[in-house]
Structure formats: C-alpha cells, structure tokens
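# Structural features, examined
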Amino acid sequence: MAYACALLSRAFGGGVRNPALAAGVVPARIGEAAARIALRAKAPKEKYLSMLDCIELDGGVRLPTFRLLRLSGLALVLAAVLFVAAEILAFLLIVEQGDSYDFRRIATTGTFFLQSFLTLFAGALLVGGLVGFYARQSEAAGRLGLAGFVLAFFGTILLVGSAYATTLVAPMVAREAPAFLDSPLSGFLQLWLPFSFTPLAFSWLMLAVATARARVYSRSSSWFLLAGAAVALVPFPLTNLPFDTALAYLGFVLLTTPHAPPHRSSSTSTQVGGEGA
C-alpha cells in the first residue's frame, strides 16, 4: 500500500516520500481533478469556437485551433490583395483591347500570364482561408453554413482549376494552335477574370447568408460579404472589388481578434469584429 501511494504521489507531481502523507495528498489531487472536470462540464460551451482544441496534421503535428484561425485570416487578406491586383491587370488588358477583343492575342501577353498566375495563387490561399473562416462559426451556422461551406469550397476549387488552365494551358494553345480557341470546346480556357469570378461568387452566396444569420462576425462584415458576392455575379471588370474587400476585412478580423486558447474561454461570448446590432 505504501509503495502504491508513493508511486501515485510521484505520478501526481507531489514528490512526497512519506506514505502517510502521500495517502492524504493523492486523494486531494484526485478531488481537485474531479472538481475541475465537473466545473468544466457545467460551464457553458463556447458558442462560436470550434469543438476541436487542435487540428492534427500529417506526421502527428497538432495545430491549435486559434492558430489555425489566425493563419486563415492571413490567407484571406493575402488572397484579397492578389485578387485585387489580378482584377486591375485584367481591366487594363480589356481596356487596351477596346472593341477589338481577341482572346488569342490576349493569351500570349505577359500581363495575361501574370494576372492568371495571381488568380491561381489567390485561389489557393482562399481555400485555406475558407477553412478557418467557416471553423470560427461552424456551430452557430448550422446545416445551412455546412452546405454553404461545401458549395464555396468546390466553387473555389473550380476557380483554382480555371486559373491553372489559363496560366499554363491557354498561352501555349494560343501560340501553337490559336484556331482551337475559336472552338466551343475551348470555353474553359477562356474563363478568365472577371468571367471566372461569377461561379465563385455564386458558390459563396449561401455561405454569406449563413454567416449573416449566425451573427458570429459583426453584422456589417457579414452583410458586406453578402453584398460583395451578389455584385460579383455580374461578369464585368472591377465588379469583384467589393467581394475582395470583404474578404480582406474578414481576414483582418480573424488576425486581430483575440482568440481564447482551448478551455479558457469566458462564460460570455462576444461577436468577432465588433458588436453586432
């Protein structure tokens, strides 16, 4: 019995050599642990934080959720900046062409390659930012939010695939087989900014509605995202800028809002990005 108490004492960090004293220390430690577990069970669940304390990555690396949120915020900000740059380059290309719009000639320019590459990189960042953006409100958004997340995820992947084609395939086809770009089969190769943004904006509409209903983020940022997605449905140059600005703002909110470490949240929840009316 004394040997068991000594082992238990060391296991609980007591370092007590006296078996009689250990017999009192160990039950006390167990009682403290039980009290903490009971208090944690009675405490209200954090309404807006993900239930996962950590996200397990490849190789057994565990990433705390609050760090994931900040990385996602950074990804959203960078994606928005690159989207704006690509949008401006696309606008300059269209203005330069004027009435004599010829995609075969546009696809061979360095400006087209640069804006397509920026779109590709921004789309990849947006996929990562989308994960944290949804995780922050996953419980409050409910089933509508989950459906919106899935739709937005695949819509963003579609944009990445389109940007990949316009970055690496379209310029090669324009040089080696320009006549193919006049075929209806080449439609996907001609889906570049601002035209490729319309499916993306449509795929984000449901998630934007769910975000506005969940009220995790501030009302202004939620409605700004919804309005930006609606405006971006129009396939004209520069119509995507409101949506890009909303992404940048939400990413900035995720970056700057203090996220409580796991199991240390207060009993009251606050909205991210300011008070909601």
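Read on for a plain summary of the structure. (Residues numbered from 1 in each chain as written. Predicted model: local features only at pLDDT ≥ 70, side-chain atom pairs only at ≥ 80, totals over all residues. Heavy atoms only, no water.)

### Description of the overall build of the protein
Per the secondary structure count, the protein includes 9 helices and 2 strands. Going from N to C terminus, the protein has its helices and strands arranged as α-α-β-β-α-α-α-α-α-α-α. Residues classed as buried in the protein amount to 39% of the 277 residues present. Expressed as a percentage of contacts within the protein between residues at least 6 apart in sequence, the contacts between residues at least 24 apart total 74%. On the protein, roughly 14,500 Å² of surface is accessible, and the fraction owed to carbon and sulfur atoms is 68%. (Helix = DSSP H or I, 4+ residues; strand = E, 2+ residues; numbered from the N terminus. Buried < 20%, exposed > 50% of the residue type's maximum accessible area, 1.4 Å probe, protein only. Contact = heavy atoms within 4.5 Å. Areas by Shrake-Rupley, 256 points an atom, 1.4 Å probe, with all protein chains shown as cover.)

### Some details on the nonpolar core
By size, the foremost hydrophobic cluster in this structure holds 38 residues, and its most contacted members are Leu126, Phe133, Trp204, Leu225, Phe243 and Leu247. Leave out the neighbours within four places in its chain, and Leu126 touches Leu76, Ala79, Phe83, Thr156, Leu200, Trp204 and Leu247. Among the nonpolar cores identified, the runner-up in size contains 9 residues, and Leu93, Ile106, Phe112 and Ala170 belong to it. (Core = buried A, V, L, I, M, F, W, Y, C linked by side-chain atoms within 4.5 Å.)

### Let's talk about the packing of helix 8 (residues 219-231) against helix 9 (residues 241-256)
Think of two packed helices as two axes; the pair is described by the angle between the axes and how far apart they sit. Two numbers describe how helix 8 lies on helix 9: the axes approach to 7 Å, and their chain directions differ by 150°. With respect to each other, helix 8 and helix 9 are oriented roughly antiparallel. Between helix 8 and helix 9 lies a crossing of left-handed hand. Facing helix 8, whose interface residues are Ser220, Ser221, Phe224, Leu225, Gly228, Ala229 and Val231, helix 9 presents Pro242, Phe243, Thr245, Ala246, Leu247, Tyr249 and Leu250. Of the residues in the contact of helix 8 with helix 9, the class split is 10 nonpolar, 4 polar and no charged. (Axes fitted to C-alpha atoms, helices over the stretch in contact; angles between N-to-C directions. Parallel < 35°, antiparallel > 145°, perpendicular 65-115°, else oblique. Left-handed = near helix turned anticlockwise from the far one by under 90°. Nonpolar A, V, L, I, M, F, W, Y, C, P; charged D, E, K, R; others polar.)

### Describing a nonpolar patch on the surface
Residues Phe113, Phe117, Phe121, Tyr164, Leu168 and Val169 make up a contiguous nonpolar surface patch of about 560 Å² in total accessible area. Elements with a contribution of two residues or more to the nonpolar patch: helix 5 (110-135) and helix 6 (138-176). Considering the arrangement of structural elements, one finds Phe121 in helix 5. For Phe121, a relative accessible area of 44% gives the class partly exposed. (Patch = residues over 30% accessible without salt bridge, like charges linked within 9 Å, V, L, I, M, F, W, Y side chains within 5 Å. Salt bridge = Lys/Arg side-chain N within 4 Å of Asp/Glu carboxyl O.)

### Things to note about the packing of aromatic side chains
Within the structure shown, the criterion is met by 10 aromatic pairs. With 4.6 Å between their ring centres and 15° between their planes, Tyr134 and Phe149 make a pair best called stacked. Of this pair, Tyr134 sits in helix 5 while Phe149 sits in helix 6; the two residues are 15 residues apart in sequence, bridging distant segments of the chain. This pair shows no difference in class: Tyr134 is buried, exactly as Phe149 is. The interplanar angle of 40° and the centroid separation of 6.2 Å between the aromatic rings of Phe149 and Phe153 together place this pair among those described as tilted. With Phe149 and Phe153 both in helix 6 and 4 residues apart, this pair spans about one turn of that helix. The structure contains a cluster of three or more aromatic residues connected by ring pairs, namely Phe83, Phe133, Phe197, Trp204, Tyr217 and Phe243. (Phe/Tyr/Trp six-rings, centres within 6.5 Å; stacked < 30°, edge-to-face > 60°.)

### Here's the deal with the environment of Val150
Here Val150 shows up in helix 6. Looking at Val150, the relative accessible area reads 37%, which means it is partly exposed. Taking the C-alpha atoms as reference points, Val150 and Ser203, separated by 53 residues in sequence, lie 8.9 Å from one another.

### Examining helix 7 (residues 197-214)
With 18 residues, helix 7 extends 25 Å from end C-alpha to end C-alpha; this agrees with the ideal 26 Å at 1.5 Å per step. Along helix 7, the positions that sit buried rather than exposed are Phe197, Leu200, Ala201, Ser203, Trp204, Leu207, Ala208, Ala210, Thr211, Ala212 and Ala214. (Expected span 1.5 Å × (residues − 1).)

### Some details on the environment of Ala230
Among the secondary structure elements, Ala230 is positioned in helix 8. A residue is classified by how much of its surface remains accessible, and Ala230, at 37% relative accessible area, is partly exposed. Put simply, Ala230 and Ala201 are 29 residues apart on the chain and 6.9 Å apart in space, counted from C-alpha to C-alpha.

### A word on the packing of helix 7 against helix 9
Between helix 7 and helix 9, whose axes approach to 12 Å, the crossing angle comes to 50°. Taken together, the axis directions place helix 7 and helix 9 in an arrangement best described as oblique. For the pair helix 7 and helix 9, the crossing hand works out as left-handed. In contact with Phe197, Leu200 and Trp204 of helix 7, helix 9 contributes Phe243, Asp244 and Leu247. Residues of the contact of helix 7 with helix 9, tallied by class, amount to 5 nonpolar, no polar and 1 charged.

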